[in-house]
Amino acid sequence: KWCSTCSQVTTNNLPTPTVPTMPPNANISRRSNGLASKATVSTQDLDNDPALQSVRTLKSLKGTEIAIDGVIYDIADFVHPGGEVVKFFGGNDVTVQYRMIHPYHTGKHLEKMKMVGKVVDYEAEYKFDTEFERDIKREVFKIVRRGREFGTPGYFFRAFCYIGFFFFMQYNFATSTTFFNYNNWYESGVVLAIAFGIAQAFIGLNVQHDANHGAASKRPWVNDLLGFGTDLIGSNKWNWMAQHWNHHAYTNHRDKDPDSFSSEPMFAFNDYPPGHPKKKWFHKYQGAYFIFLLGFYWLSTVFNPQVIDLRHRGSQYIGFQMENDYIVKRRKVAI
């Protein structure tokens with residue numbers, strides 16, 4: 001399947017991992033046409049560099065370490081342009097997440113981080129740098145050009161309008177004296193509830209979404225601030241990131257995309273074959289009850305006990321580690 005956001009190809013649900021391919025002199029050719037390269041450290045470099053002689057498993061990664069293409073990097077003192085939030089991923093193999101969010105990077109970019117070893121159990125999950133990927137990127141770059149990846153003045157104008165609309169509706173919803181007894185239709189509690197819900201959707205689908213992707217601004221503090229819009233509408237910034245970043249990394253993968261199975265067994269977003277244990281008899285009717293049950297979605301976000309320990313269960317299920325210092329320190333304030 002193709003993930004338009006991630007610019008990658010996945011052999012969704014196939015048991016055998018694919019091996020990444022790389023054309024000759026890709027770094028040189030792609031610098032000339034503005035496309036990213038496959039950032040790797042060669043086997044010869046790994047064998048010759050004493051700093052990379054530490055061979056470990058992925059499960060042994062420390063909270064200040066990440067793995068990309070089988071190489072371990074220590075990010076404890078790394079000053080990331082996107083801010084400290086990069087430490088959110090400590091303790092994990094972030095090969096897919098890294099390539100998803102850095103479409104312009106070449107092999108030189110990874111040299112900015114401290115390499116401390118390699119993992120012995122790394123297996124490539126996608127084919128990167130295929131002709132299909134390069135073609136898609138060329139088309140995307142025609143629309144989202146260099147220097148235009150972050151929020152434009154128009155984006156911030158809309159964002160502040162959405163934020164203002166949210167607080168306006170929150171105030172009216174909380175202070176309304178005509179919720180049930182009203183003279184005009186727009187004073188009805190139902191109308192207020194619908195408008196307030198739309199205001200929350202503007203925050204969730206626009207403001208916090210782009211900010212928690214690190215895409216609202218080049219200034220990390222702006223992304224951090226606007227990212228807390230998630231909490232403003234009843235969810236949690238760090239749990240949302242754990243689920244959503246993995247969703248983009250493994251879009252529609254029935255075993256690794258938390259969004260694809262987070263609503264089971266009530267809904268089945270995956271096309272399971274007949275007889276599959278996750279395919280229930282009532283799923284044939286989910287088109288009829290989908291909207292009704294979706295109205296109770298807020299219950300699973302506002303009253304989600306995962307805000308206490310910041311261990312998103314869907315991300316944990318796919319092996320994402322959330323025990324690094326960055327996350328642990330935020331458990332005290334997440335609630």
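An account of the accompanying structure is given in this report. (Residues numbered from 1 in each chain as written. Predicted model: local features only at pLDDT ≥ 70, side-chain atom pairs only at ≥ 80, totals over all residues. Heavy atoms only, no water.)

Considerations on the packing of helix α6 (residues 189-212) against helix α9 (residues 237-249)
Look at α6 against α9: their axes get within 10 Å of each other, and the N-to-C directions meet at 75°. Judged by the inter-axis angle, α6 sits roughly perpendicular to α9. Residues Q208, H209 and N212 of α6 form the contact with α9, whose participating residues are K237, W240, M241, H244, W245 and H248. Partitioning the contact of α6 with α9 into residue classes produces three nonpolar, five polar and one charged. (Axes fitted to C-alpha atoms, helices over the stretch in contact; angles between N-to-C directions. Helix = DSSP H or I, 4+ residues; strand = E, 2+ residues; numbered from the N terminus. Parallel < 35°, antiparallel > 145°, perpendicular 65-115°, else oblique. Contact = heavy atoms within 4.5 Å. Nonpolar A, V, L, I, M, F, W, Y, C, P; charged D, E, K, R; others polar.)

Quick look at helix α15 (residues 325-334)
Listing the buried residues of α15 in full gives Y326, I327, R330, R331 and A334. Each buried residue of α15 sits inside an arc of 145° when the element is viewed along its axis, so together they form one side. Opposite the packed face of α15, turned more than 90 degrees from it, sit the exposed residues D325, K329 and K332. Those residues of α15 that are buried lie in contact with α8 (229-232), α9 and α13 (306-309). Backbone nitrogen of Y326 and a side-chain oxygen of the N-cap are separated by 3.1 Å at the start of α15; the cap is N324. (Buried < 20%, exposed > 50% of the residue type's maximum accessible area, 1.4 Å probe, protein only. Arc of directions from axis to C-beta. Polar contact = N/O pair within 3.5 Å; in protein donor to acceptor, adjacent residues only side chain to side chain.)

Things to note about the pattern of salt bridges
Considering all chains together, one arrives at 17 salt bridges under this definition. Among the salt bridges present, the one from K278 reaches E264, with a minimum N-O distance of 3.8 Å. Residue K278 is found in the loop between α10 (258-261) and α11 (286-294), and its partner E264 is found in the loop between α10 and α11; the two are separated by 14 residues along the sequence. Judged by its relative accessible area of 27%, K278 is partly exposed. Measuring nitrogen to oxygen at the nearest pair gives 3.2 Å for the salt bridge that ties R331 to E323. (Salt bridge = Lys/Arg side-chain N within 4 Å of Asp/Glu carboxyl O.)

Concerning the packing of aromatic side chains
A full pass over the atoms with the stated rule returns 27 aromatic pairs. Arranged with centres 5.2 Å apart and planes meeting at 80°, the rings of Y155 and F156 form a pair that is edge-to-face. A relative accessible area of 22% means that F156 is categorised as partly exposed. Their ring planes at 65° and their centres at 5.2 Å tell us that F261 and Y317 sit as a pair that is edge-to-face. Of this pair, F261 sits in helix α10 while Y317 sits in helix α14 (residues 313-317); the two residues are 56 residues apart in sequence, bridging distant segments of the chain. Within the aromatic cluster, the residues linked to one another by ring pairs are F166, F167, F173, F179, F180 and F196. For K237, the ring lying beneath its charged end belongs to F228, and the centroid distance is 5.2 Å. (Phe/Tyr/Trp six-rings, centres within 6.5 Å; stacked < 30°, edge-to-face > 60°. Lys NZ or Arg CZ within 6 Å of the ring centre and 35° of its normal.)

A look at helix α7 (residues 220-227)
Restricting attention to buried positions, one finds in α7 the residues V222, N223, L226 and G227. Projected down its long axis, α7 shows its buried positions confined to an angular sector of 130°, all on one face. Counted as exposed and oriented over 90 degrees from the buried face of α7: W221 and L225. Its buried side turned inward, α7 meets α5 (153-175), α6, α8 and α9.

Concerning the side chain of D69
Relative to the elements of secondary structure, D69 occurs in the loop between β4 (65-68) and β5 (71-74). A polar side-chain atom of D69 sits 2.3 Å from a polar atom in the side chain of R99.

Notes on the nonpolar core
I66, I68, Y73, F88, M113 and W238 are the most contacted members of the largest nonpolar core, which has 30 residues in total. Looking at this core, the elements with two or more residues in it are β4, β5, α3 (95-101), α9 and α15. Element by element, the count of residues in this core is highest for α9, at six residues. Within the second largest apolar cluster, 16 residues are counted, among which are L192, A195, A216 and V222. (Core = buried A, V, L, I, M, F, W, Y, C linked by side-chain atoms within 4.5 Å.)

Considering the environment of K59
Within the secondary structure layout, K59 lies in the loop between β3 (55-56) and β4. The class for K59 is exposed, based on a relative accessible area of 83%.

With respect to the sheet that holds strand β7 (residues 114-119)
Each strand in a sheet pairs with another by means of backbone hydrogen bonds, the pair being arranged parallel or else antiparallel. Spatially, the five strands line up as an open sheet ordered β3-β7-β5-β4-β6, and their pairing is mixed. Across the chains shown, the open sheet's two edge strands, defined by having one partner strand only, are β3 and β6 (92-93). Across four bridges, β5 lies against β7 in antiparallel orientation. Within β7, the residue paired with Y73 across the bridge is M115. (Pairing = 2+ DSSP bridges.)

Such coordinate-based values are descriptive only and should not be taken to indicate function.
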